[in-house]
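As a plain string of letters, each chain reads:
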Number of protein chains: 2
Amino acid sequence: MLAVTILGNNSAIPAYGRHPTSQIVTISDDLIMFDCGEGSQIQIMNFKIKRSRINHIFISHLHGDHYFGLIGLLSSFALLGRIQPLSVYGPAPLKEIIELQFKISNTSLPFQLTFHSIEKAGLLLDAKNYTVECFPTQHRIECWGFLVREKKQPRKINMEKVSAYNIDASLFPSLQKGEDFVSANGEIVKNELLTDANTKPKSYAFCADTIYDEGLVPVIKEVDMIYHETTYPASLAEKATERHHSTSKQAASIASLANNKRLLIGHFSAKFEDIGQFEREAKEVFPHTEIALEGTTYLV
Amino acid sequence: MLAVTILGNNSAIPAYGRHPTSQIVTISDDLIMFDCGEGSQIQIMNFKIKRSRINHIFISHLHGDHYFGLIGLLSSFALLGRIQPLSVYGPAPLKEIIELQFKISNTSLPFQLTFHSIEKAGLLLDAKNYTVECFPTQHRIECWGFLVREKKQPRKINMEKVSAYNIDASLFPSLQKGEDFVSANGEIVKNELLTDANTKPKSYAFCADTIYDEGLVPVIKEVDMIYHETTYPASLAEKATERHHSTSKQAASIASLANNKRLLIGHFSAKFEDIGQFEREAKEVFPHTEIALEGTTYLV
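These figures come from a predicted structure and were not determined experimentally.

**Digging into the UniProt feature "active site" (unreviewed entry) in chain A**
Residue and element names in this part refer to chain A.
Line of reasoning, step 1. The residues that UniProt annotates with the feature "active site" (unreviewed entry) are D65.
Line of reasoning, step 2. For D65, the position within the fold is in the loop between β4 (54–58) and α2 (70–79).
Line of reasoning, step 3. A residue is classified by how much of its surface remains accessible, and D65, at 11% relative accessible area, is buried.
Line of reasoning, step 4. Contact partners of D65, with chain neighbours within four places excluded, come to S11, A12, P20, T21, G37 and H267.

Now the structure itself:
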């Protein structure tokens with residue numbers, strides 16, 4: 001399963017009950033976090049997310065609305081007596097910010113915190129059932145998007161067929177890999193007769209904060225679902241460019257060019273109480289658009 | 001007017017809808033803030049507090065639940081284009097933490113932020129109508145309590161009497177100071193006949209995080225209302241001492257010894273969903289105890 005739960009969908013200033021950026025991705029049995037704005041740990045509790053299952057946190061960039069909640073979340077992990085290791089991935093200075101605050105409060109963590117400085121595009125995490133890669137986005141400061149991909153799952157054994165051919169279970173792993181079966185008398189049974197293909201691996205891209213940038217298209221091409229920021233409505237394209245952000249229609253254009261199946265939009269400017277307009281505008285360009293609603297989980 | 005609005009009443013970990021420590025004191029026309037735990041800026045919005053009127057922020061100590069919300073609040077002030085100056089008072093390393101984060105995000109503030117390192121007990125702020133002093137509390141790290149006192153107001157002119165004696169308005173300021181009136185023919189009219197005493201100045205002490213410490217008593221003696229932490233119920237006195245915190249009954253003992261009129265309790269451990277027990281226990285020792293409820297304003 002690949003699913004995305006929204007903790008915060010607003011841009012810099014919290015407003016109208018909307019919180020700064022944070023998302024929880026459920027994949028396989030893991031929870032991973034993309035960005036951690038102020039109050040994310042409170043949203044985690046509001047939405048009854050099992051915080052102890054978060055083992056990897058990725059921070060896109062060091063504007064406060066994307067990381068001010070991290071130190072509080074780490075502190076709470078410590079106070080709760082967490083012991084399993086935790087990895088944090090982000091721009092290098094984040095390490096200094098975290099370490100300074102723990103030093104001053106005389107905090108020693110009961111768990112191993114590993115900080116991975118993001119330095120170049122590529123693979124950040126190679127887990128059993130999925131990978132997380134990063135890619136640069138064009139913002140006012142160093143900024144990274146994240147791409148999570150399920151790994152291809154082994155073929156599924158067709159139990160009825162393997163019984164019919166009397167195949168021993170010790171051979172199942174080779175069948176799952178796609179190998180044919182060779183019986184004692186040399187008869188060959190094609191793998192396709194004994195196994196079924198598993199579901200196609202799913203993928204999700206979190207495009208962080210970014211100016212409208214068609215350079216993103218090849219990076220997120222054919223990804224099943226993407227999140228793309230829409231800080232401003234379409235009428236404020238000039239303002240968006242100036243602030244290195246995007247509009248509703250620009251986000252939709254990227255999803256359309258990249259041939260994604262689905263687009264989530266968020267990072268709404270605090271100037272707008274009604275966020276319906278963002279959705280309406282984006283849908284004109286890319287119909288499979290949805291607003292990233294806080295507390296809602298989107299299955300890829 | 002002297003009033004205290006509670007933004008957060010919980011200890012280290014947010015729980016059951018309770019937030020980390022922060023209070024807004026309304027005095028004269030000013031708003032001042034005592035501590036700023038994570039999410040305080042969101043609580044400010046929830047409770048419709050005019051954040052632009054906050055000109056002084058006091059941070060008791062550098063455990064995260066007392067200051068992790070400060071950087072977010074300052075960032076929002078910047079994004080909102082605040083121009084009036086702001087003063088922050090707290091332990092010296094707070095300056096480094098704030099400056100590092102603004103440097104990394106390339107933030108330049110549109111308002112003047114003045115950081116006052118707290119170094120010794122005494123006067124921190126001498127405003128037109130009130131003062132704020134600090135006093136040390138005994139906690140695991142350097143920690144300060146804050147005491148706000150209204151200044152004595154000038155005596156009120158009794159308009160009926162001054163008319164009867166035909167006293168010119170140019171003499172009112174001297175009457176307000178308590179001076180007697182001397183007429184042209186040398187007749188002396190006692191001040192008490194011409195003016196009335198103003199209301200007695202009120203005072204409020206925020207006792208921050210602290211172990212049970214009778215050393216506080218002379219410092220907050222006769223203060224009208226105090227806030228004293230009650231991290232633990234009475235049964236966990238040993239744990240409280242070990243963690244340099246206080247229990248419900250200990251807080252009440254301090255208020256009783258200091259002859260305060262009223263006690264607010266808070267900083268409840270996240271282990272306790274029912275905080276009614278804290279109030280019941282404290283009231284056995286000091287009846288004028290109230291739970292510091294989030295979103296509630298307590299008039300001194």
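Back to the write-up after that little detour.
**Observations regarding the packing of helix α9 (residues 248–257) of chain B against helix α10 (residues 276–285) of chain B**
All names here are of chain B.
Line of reasoning, step 1. Viewed as axis vectors pointing N to C, α9 and α10 meet at an angle of 35 degrees, and their least axial separation amounts to 8 Å. Here the hand of the crossing between α9 and α10 comes out right-handed. Here S248, K249, A252 and S253 of α9 lie close against α10, whose contacting residues are F278, E281, A282, E284 and V285.
Line of reasoning, step 2. Across the contact of α9 with α10, the residue classes break down as four nonpolar, two polar and three charged.

**Brief notes about the sheet that holds strand β2 (residues 22–27) of chain B**
Residue and element names in this part refer to chain B.
Line of reasoning, step 1. Spatially, the seven strands line up as an open sheet ordered β6-β5-β4-β3-β2-β1-β18, and their pairing is mixed. Since the sheet does not close on itself, it has two edges, and those belong to β6 (113–117) and β18 (297–299), each with one partner. In this sheet, neighbouring strand axes are inclined to one another by 20 degrees on average, regardless of whether the strands run parallel or antiparallel.
Line of reasoning, step 2. Of the pairings in the sheet, the one linking strand β4 (residues 54–58) to strand β5 (residues 86–90) comprises three bridges and is parallel in character. Among the inter-strand pairings, I57 is bridged to a residue of β5, identified as V88.

**Section: the packing of helix α3 (residues 93–104) of chain A against helix α3 (residues 93–104) of chain B**
Line of reasoning, step 1. Their axes nearest at 11 Å, the elements α3(A) and α3(B) cross at an angle of 170 degrees. With respect to their mutual orientation, α3(A) and α3(B) come out roughly antiparallel. Judged by residue contacts, P93(A), E96(A), I97(A), L100(A), Q101(A) and I104(A) of α3(A) engage P93(B), E96(B), I97(B), L100(B), Q101(B) and I104(B) from α3(B).
Line of reasoning, step 2. Residue composition of the contact of α3(A) with α3(B), by class: eight nonpolar, two polar and two charged.

**Digging into the domain arrangement of chain A**
Line of reasoning, step 1. As assigned here, chain A comprises domain 1 (2–153 + 199–299) and domain 2 (156–196).
Line of reasoning, step 2. Distance between the C-alpha centres of domain 1 of chain A and domain 2 of chain A: 43 Å.

**Quick look at the pairing of strand β14 (residues 203–206) of chain A**
Taken residue by residue, a regular strand's side chains alternate between the two faces of the sheet.
Residues and elements named next belong to chain A.
Line of reasoning, step 1. Judged by which residues are buried, β14 turns out to be covered on both faces: S203 and A205 on one side and Y204 and F206 on the other are all buried.
Line of reasoning, step 2. Of the strand pairs in this sheet, strand β9 (residues 144–150) and β14 are connected by four bridges, and their pairing is antiparallel. Its bridge partner lying in β14, R149 is registered against S203.
Line of reasoning, step 3. When β14 meets strand β15 (residues 225–229), the two strands line up parallel, connected through three bridges. Looking at the pairing, Y204 lines up with M225 of β15.

**Some details on the pairing of strand β6 (residues 113–117) of chain A**
Line of reasoning, step 1. As paired elements, strand β5 (residues 86–90) of chain A and β6(A) share five bridges and run parallel to each other. When the bridges of β6(A) are listed, S87(A) appears paired with T114(A).

**Some thoughts on the sheet that holds strand β17 (residues 289–291) of chain A**
All names here are of chain A.
Line of reasoning, step 1. Spatially, seven strands are ordered β7-β8-β9-β14-β15-β16-β17 in an open sheet, and the strand pairing comes out mixed. With partners counted over all chains shown, the strands left at the sheet margins are β7 (122–126) and β17, one partner each. Put simply, the sheet's adjacent strands are angled 20 degrees from each other on average, direction ignored.
Line of reasoning, step 2. Examined bridge by bridge, strand β16 (residues 262–266) and β17 share three bridges and lie parallel to one another. Counted as the bridge partner of L263 is T289 from β17.

**Some thoughts on the packing of aromatic side chains**
All names here are of chain A.
Line of reasoning, step 1. In the structure shown here, the tally under the stated rule is 24 aromatic pairs over all chains.
Line of reasoning, step 2. Each ring, one from F58 and one from Y89, has its centre 4.3 Å from the other, and the planes form 10 degrees; the classification is stacked. Of this pair, F58 sits in strand β4 while Y89 sits in strand β5, and the two are 31 residues apart along the sequence. Across this residue pair, the class does not change: F58 and Y89 are buried.
Line of reasoning, step 3. Three or more aromatic residues link up through ring pairs in this structure, and these residues are F34, F58, Y89, F146, Y204, F206 and Y227.
Line of reasoning, step 4. If you follow R82 out to its NZ or CZ, it ends over the ring of F77, 4.5 Å from the centre.

**Observations regarding the UniProt feature "binding site: Zn(2+) 1" (unreviewed entry) in chain A**
Line of reasoning, step 1. In this structure's numbering, the residues bearing the UniProt feature "binding site: Zn(2+) 1" (unreviewed entry) are H61(A), H63(A), H139(A) and D209(A). In three dimensions, the annotated residues from a span of 149 residues occupy one location, with a maximal C-alpha spread of 10.4 Å.
Line of reasoning, step 2. Relative to the helices and strands, H63(A) is located in the loop between β4 and α2.
Line of reasoning, step 3. Excluding residues that lie within four positions of it along the chain, H63(A) makes contacts with H139(A), R140(A), I141(A) and S105(B).
Line of reasoning, step 4. Of note, D209(A) is situated in the loop between β14 and α7 (217–220).
Line of reasoning, step 5. Look at D209(A) and you get buried, because its relative accessible area is 1%.
Line of reasoning, step 6. Residues within four places of D209(A) in sequence aside, it is in contact with H61(A), H66(A), T137(A), Q138(A), H139(A), C143(A), E229(A), H245(A) and H267(A).

The rules behind the values
Residues numbered from 1 in each chain as written. Chains lettered and ligands numbered in written order. Predicted model: local features only at pLDDT ≥ 70, side-chain atom pairs only at ≥ 80, totals over all residues. Heavy atoms only, no water. UniProt positions renumbered as here; feature names shortened; annotations may be inferred. Helix = DSSP H or I, 4+ residues; strand = E, 2+ residues; numbered from the N terminus. Buried < 20%, exposed > 50% of the residue type's maximum accessible area, 1.4 Å probe, protein only. Contact = heavy atoms within 4.5 Å. Axes fitted to C-alpha atoms, helices over the stretch in contact; angles between N-to-C directions. Left-handed = near helix turned anticlockwise from the far one by under 90°. Nonpolar A, V, L, I, M, F, W, Y, C, P; charged D, E, K, R; others polar. Pairing = 2+ DSSP bridges. Parallel < 35°, antiparallel > 145°, perpendicular 65-115°, else oblique. Domains from an automatic or database assignment. Phe/Tyr/Trp six-rings, centres within 6.5 Å; stacked < 30°, edge-to-face > 60°. Lys NZ or Arg CZ within 6 Å of the ring centre and 35° of its normal.

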